[in-house]
Amino acid sequence: MSDPAISLENVNLSLGSGEARTHILKDICLDVAKGETLALLGPSGSGKSTLLMTMAGLEAADSGTVHVAGRRIDTTGEDELARFRGGHIGVVFQAFHLIQTLTALENVAIPLELAGAPDAFPRASRMLAQVGLAAREKHYPSQMSGGEQQRVALARALVANPSILVADEPTGNLDQGVGAEIMELIFALNRAKGATLVLVTHDEALARRCHRIVRLRNGRIESDSAAVAERENVGV
Ligand code: ADP
Ligand code: MG
């Protein structure tokens, strides 16, 4: 694959300390192409969230290499990594993770303000309108429904035009109908921006809407639909 959006080579990662230290990710090799949508499936505890956070530079591998948008991030210092993340990677979590003391608009403006953008608020305002929340700018998270909060979180993730969006069970805390709306929005905005999407989900039907499905089991890649397609193409 030429110039992938994300490239992990032989990544191993352990979490916890002392007796509780656990080897979570085991020899992960994975390239995600630019513009690809990839669904990450696997049983609870198989390492999906940890793998996603490693791709986003929010967990550090013990060994192996991690490249994102052409940049090696596993050896990048924390301040520079934070800056890099802000401009290249958007993250959406199951539990929204909005700052409760800030309005919707302020939450969305954060990544731009951190990047020193002079037009943070007008841009945040336009992004909120794109997720259908123009009327909610001054609302605090506690004054919004779960679906609205996730829209704000999505706007925050995309406001800096990252080339990569990672989403960890973004509909896990939402009713089915609201979750489906959020997923439509994620797919539509991702397509409009030509971004790469890595989506952790339990939903097989949702996963099938992605270009590619990777299954994790016990910290290892158990199957990868791209590898299967490649074998079929060469007639093995
Ligand atoms: P998934 O998202 O697939 O449910 P996770 O990546 O959250 O899986 O977790 C993978 C494994 O790592 C689980 O077995 C979990 O218990 C373990 N784990 C997560 N965080 C820690 C930690 N801080 N210390 C030790 N083990 C952890
Ligand atoms: Mg998880």
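Shown above is the structure to which this text applies.
Remember, predicted model here, so these are calculated numbers, not experimental data.

*Asks:* Break down the pairing of strand β8 (residues 196-200) for me, citing the residues and quoting the values.
*Replies:* Most of β8 sits out of view: 5 of its 5 residues are buried. Side chains of β8 alternate between two faces, with Thr196, Val198 and Val200 and Leu197 and Leu199 buried alike. Here 4 bridges tie strand β3 (residues 37-41) to β8, and the two strands are oriented parallel to one another. Paired with alanine 39 across the bridge in β8 is leucine 199. As paired elements, strand β7 (residues 164-168) and β8 share 5 bridges and run parallel to each other.

*Asks:* So what about the side chain of threonine 50? Which residues, and what values?
*Replies:* Relative to the assigned elements, threonine 50 resides in helix α1 (residues 48-55). The exposure class of threonine 50 is buried, given its relative accessible area of 12%. With residues up to four places along the chain from it excluded, the contact list for threonine 50 reads Leu13, Leu15, Ile24 and Leu25.

*Asks:* Which residues make up the site of ligand 1, and what values do they have?
*Replies:* Neighbouring residues of ligand 1: 13 residues in total, closest Ile24, Gly45, Lys48, Ser49 and Thr50. Note that an oxygen atom of ligand 1 is positioned 2.7 Å from one of the backbone N or O atoms of glycine 45. Protein chains bury 59% of the 570 Å² of accessible surface belonging to ligand 1 in isolation. At the level of secondary structure, the elements contributing two or more residues to the shell around ligand 1 comprise β2 (22-32) and α1. For the shell around ligand 1, the element with the most residues is α1, which contributes 3 residues.

Procedures and definitions
- Residues numbered from 1 in each chain as written.
- Chains lettered and ligands numbered in written order.
- Predicted model: local features only at pLDDT ≥ 70, side-chain atom pairs only at ≥ 80, totals over all residues.
- Heavy atoms only, no water.
- Buried < 20%, exposed > 50% of the residue type's maximum accessible area, 1.4 Å probe, protein only.
- Helix = DSSP H or I, 4+ residues; strand = E, 2+ residues; numbered from the N terminus.
- Pairing = 2+ DSSP bridges.
- Contact = heavy atoms within 4.5 Å.
- Near = heavy atom within 4 Å.
- Polar contact = N/O pair within 3.5 Å; in protein donor to acceptor, adjacent residues only side chain to side chain.
- Areas by Shrake-Rupley, 256 points an atom, 1.4 Å probe, with all protein chains shown as cover.

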